[in-house]
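# Structural characterization, general
Chain by chain, the residues:
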Amino acid sequence: MPNRIRTLKARRILNSRGDYTIETTIQTANGFFAGSAPKGGSKGNLEAKELPAITAVRKVNLRIAPHLVKRALPHQSKLDARLLELDGTRYKSRLGGNSLLSVSIAGCKANAAAKNKKLYQYIAQLADNKKLVLPVPFLNILNGGKHAGMKNDIQEAMIVPKKFKSFSAALGAGTAVFHALRKILHQKWGASATLVGNEGGFVPQKAKTIEQRLELLENAVEQAGFKKKVFFAIDSAATQFYSAKKKQYVLGKKKFSKVKLVEYYARLAKSFPLVSIEDGLAENDWNGWEALTQKMGKKLQIVGDDLLVSNPAYIRMAAQKKACNYLLLKPNQIGTVSESIEASQLALKSKWMVMVSHRSGETNDSFIADLAVGLGVGQCKFGAPDRGERIAKYNRLLQIESELGKKARFGI
Ligand code: PGA
Ligand code: ZN
């Protein structure tokens, strides 16, 4: 007896910014399986097209469901191929990347249950990966840029608890640094400095530059007692402070050419224990990316987010140009689970590494936690440890760690 899809139904739910997004539930003999789409704030230009939630819901219920309901649940690769076929466009503009992703994730959960596997095990099987790895969390504990209502600003200052034996120890250290930082901010500037942004990190209005923010992180790490064990990372989201017309980057009141910006990053990396720079240059400044990778790629992770939009075509291009050495993997940038796996495999084949990432507008779906473990890539970026939609992912990782017990590996 094939495992049939009994019902497939989409609806609107709210995301962490209070905007509508789409959730789809698939019902099979094994139960109900839901998948939802997150929503970016500082999005890449070439991401899969996101339709308004109400339109996306209509597309799933009227254009996708009739092709799948009352039929056997297809294997994940077949399901995703069918979704792409039904859409038929390069950037998922007909049915919407958000519609496709919600169905694809729900289908992946239903498939895992049909095979009596944990979600991360099923993903590992799809990715042909033998090593289940709990990821090093990159915690964005000082929010800036678009996520904090600031202009001409570096978007994320993250802590990276790397030198730990287990995920839970790393998360514990990250959380301790987060609490130490809150205390420091409160003492310095009062309670208003401890208000948080879209990804749960603090937004102290007086700490305007990345140098000031990294200094605050240094103090917090020291107070928490984790010096030399916790490192730093930034996501510039530089497209947001690049003027294509003037060909210049603007941070606060300072203006930079691409060459000067690369030099600036090099100085920053000398002053602070920085391990990773994401979107250091604007998404179409390919020469700038090449210069940054050439100068710093041996020592640092040069992570492509808006540059690559999790799209195998751009990953190929960037590998050829040596424009970065790390893929930030966001399933909703590309639209299906199978394409996300393909993007990760392609990056690894290009001798890069991969970090699985949330979006600034999230749901409580913890799928990406299973994705990170199943792909075995060793790093994740799920925000600060204080908002429910971020905690859902961290708690899922804690759950997986305890399920795997002694078999749980950590980091890369
Ligand atoms: P977004 O930001 O989800 O708002 O696009 C996250 C990031 O830039 O990494
Ligand atoms: Zn980014």
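Each value, and the rule that gives it
Residues numbered from 1 in each chain as written. Chains lettered and ligands numbered in written order. Predicted model: local features only at pLDDT ≥ 70, side-chain atom pairs only at ≥ 80, totals over all residues. Heavy atoms only, no water. Helix = DSSP H or I, 4+ residues; strand = E, 2+ residues; numbered from the N terminus. Rg over C-alpha atoms; globule rule 2.2 N^0.38 Å. Buried < 20%, exposed > 50% of the residue type's maximum accessible area, 1.4 Å probe, protein only. Contact = heavy atoms within 4.5 Å. Areas by Shrake-Rupley, 256 points an atom, 1.4 Å probe, with all protein chains shown as cover. Lys, Arg positive; Asp, Glu negative; His and termini not counted. Charge placed at Lys NZ, Arg CZ, Asp CG, Glu CD. Donors = N, O, S within 2.8 Å, 3.2 Å for Na, K, Ca; no water. Pairing = 2+ DSSP bridges. Polar contact = N/O pair within 3.5 Å; in protein donor to acceptor, adjacent residues only side chain to side chain. Domains from an automatic or database assignment. Buried area = accessible area lost by both parts, 1.4 Å probe. Salt bridge = Lys/Arg side-chain N within 4 Å of Asp/Glu carboxyl O. Nonpolar A, V, L, I, M, F, W, Y, C, P; charged D, E, K, R; others polar. Near = heavy atom within 4 Å. Axes fitted to C-alpha atoms, helices over the stretch in contact; angles between N-to-C directions.

Here we take up the overall build of the protein. The helix and strand tally for the protein stands at 13 helices and 17 strands. Taking 22 Å as the expected radius of gyration for a compact globule of 412 residues, we find that the protein reaches 21 Å, a close match to that expectation. For the protein, the residues scored as buried account for 59% of the 412 residues in total. Across the protein, contacts joining residues at least 24 apart in sequence account for 71% of those joining residues at least 6 apart. Summing over all exposed atoms, the protein offers an accessible surface of approximately 17,300 Å²; the carbon and sulfur share of this is 51%. Charge centroids of the protein, computed over 67 positive and 33 negative side chains, lie 1 Å from each other.

The phi dihedral of aspartate 279 falls on the positive side, at around 40°, and the residue is not glycine. Its identity as a non-glycine residue notwithstanding, lysine 322 has a phi of 50°, on the positive side. Mapped onto the elements, lysine 322 comes out in the loop between α9 (312-321) and β14 (326-329). Taking the relative accessible area as the measure of exposure, lysine 322 reaches 60% and is therefore exposed.

Take the coordination of the zinc ion (ligand 2) next. Looking at the zinc ion (ligand 2), the protein donor atoms are Asp235 (OD), Glu278 (OE) and Asp305 (OD), and they sit 2.0 to 2.2 Å from it. When the donor residues of the zinc ion (ligand 2) are listed from N- to C-terminus, their spacing reads D-x42-E-x26-D. Of the two residues, glutamate 278 is situated in strand β12 (residues 274-278) and aspartate 305 in the loop between β13 (301-304) and α9; the sequence distance between them amounts to 27 residues. Residue aspartate 305 is classed as buried on the basis of its relative accessible area, which comes to 2%.

Next up on the list: the pairing of strand β1 (residues 7-14). Where β1 and strand β2 (residues 20-28) come together, eight bridges link them in antiparallel fashion. Bridge pairing in β2 links isoleucine 13 to threonine 21. As consecutive antiparallel partners, β1 and β2 are separated by five residues, and within that stretch glycine 18 has a phi angle of approximately 80°, a positive value.

Let us now look at the side chain of serine 360. Of note, serine 360 is situated in the loop between β15 (353-357) and α12 (367-375). At 3.4 Å, the side chain of serine 360 forms a polar contact with the side chain of histidine 147. Beyond its immediate stretch of four places on either side in the chain, serine 360 contacts Ser16, Arg17, Lys39, Gly40, Gly41, His147, Asn198, Glu199 and Arg390.

A word on the domain arrangement of the protein. In many analyses, interface size is given as the accessible surface area lost on bringing the parts together. Segmenting the protein into domains produces domain 1 (7-116) and domain 2 (133-410). Between the C-alpha centres of domain 1 and domain 2 there is a distance of 27 Å. The partner domain 2 presents 30 residues to the 34 residues of domain 1 that form the contact. Looking only at domain 1, the three residues that lose the most surface to domain 2 are Ser16, Pro38 and Ser42, adding up to 24% of its buried area. Here domain 1 and domain 2 share three salt bridges between them. Measuring nitrogen to oxygen at the nearest pair gives 2.7 Å for the salt bridge that ties glutamate 339 to lysine 92. Those elements giving two or more residues to the side of domain 1 that touches domain 2 turn out to be β3 (31-36), α2 (76-87) and α3 (97-114). Broken down by element, the residue count for the side of domain 1 that touches domain 2 peaks at seven residues, all from α3. Considering only residue class, the side of domain 1 that touches domain 2 consists of twelve nonpolar, 14 polar and eight charged.

Near ligand 1 there are 15 residues, and of these Gly41, His147, Arg359, Ser360 and Lys381 occur at the shortest range. Between ligand 1 and the protein, one listed contact pairs an oxygen atom with a side-chain N or O atom of aspartate 235 at 3.1 Å. Isolated, ligand 1 exposes 280 Å² of accessible area, and the fraction of that covered by the protein chains is 100%. Looking at side-chain class alone, the shell around ligand 1 contains one nonpolar, six polar and eight charged residues. No fewer than three residues from each of domain 1 (7-116) and domain 2 (133-410) sit in the shell around ligand 1.

Strand order in the open sheet formed by nine strands is β5-β16-β15-β14-β13-β12-β8-β7-β6, and the pairing between neighbours is mixed. Pairing within the sheet leaves two strands with one partner each, and these edge strands are β5 (136-137) and β6 (139-143). Relative to strand β16 (residues 379-381), β15 runs parallel, the two sharing two bridges. Counted as the bridge partner of serine 357 is lysine 381 from β16. Packed onto the sheet, helix α8 (residues 286-296) meets β12 and β13 and runs at close to 155° relative to β13.

In this section: the sheet that holds strand β10 (residues 248-251). Across the sheet, three strands lie side by side as β9-β10-β11; this open sheet has antiparallel pairing. Each of the sheet's edge strands pairs with one partner strand only, and the pair in question is β9 (242-243) and β11 (254-256). Here β10 pairs with β11 via three bridges, running antiparallel. When the bridges of β11 are listed, valine 250 appears paired with lysine 255.

Summed over all chains, the structure comprises 20 salt bridges. Taking the shortest distance from any N to any O, the salt bridge between glutamate 263 and lysine 260 comes out at 3.8 Å. Pair noted here: glutamate 263 and lysine 260 are both in helix α7 (residues 258-271), with a separation of three residues, about one helical turn. Relative accessible area serves as the criterion here: at 32%, glutamate 263 is assigned to the partly exposed category. Residues joined by salt bridges that share partners form a network here, namely Glu156, Asp235, Glu278 and Lys381.

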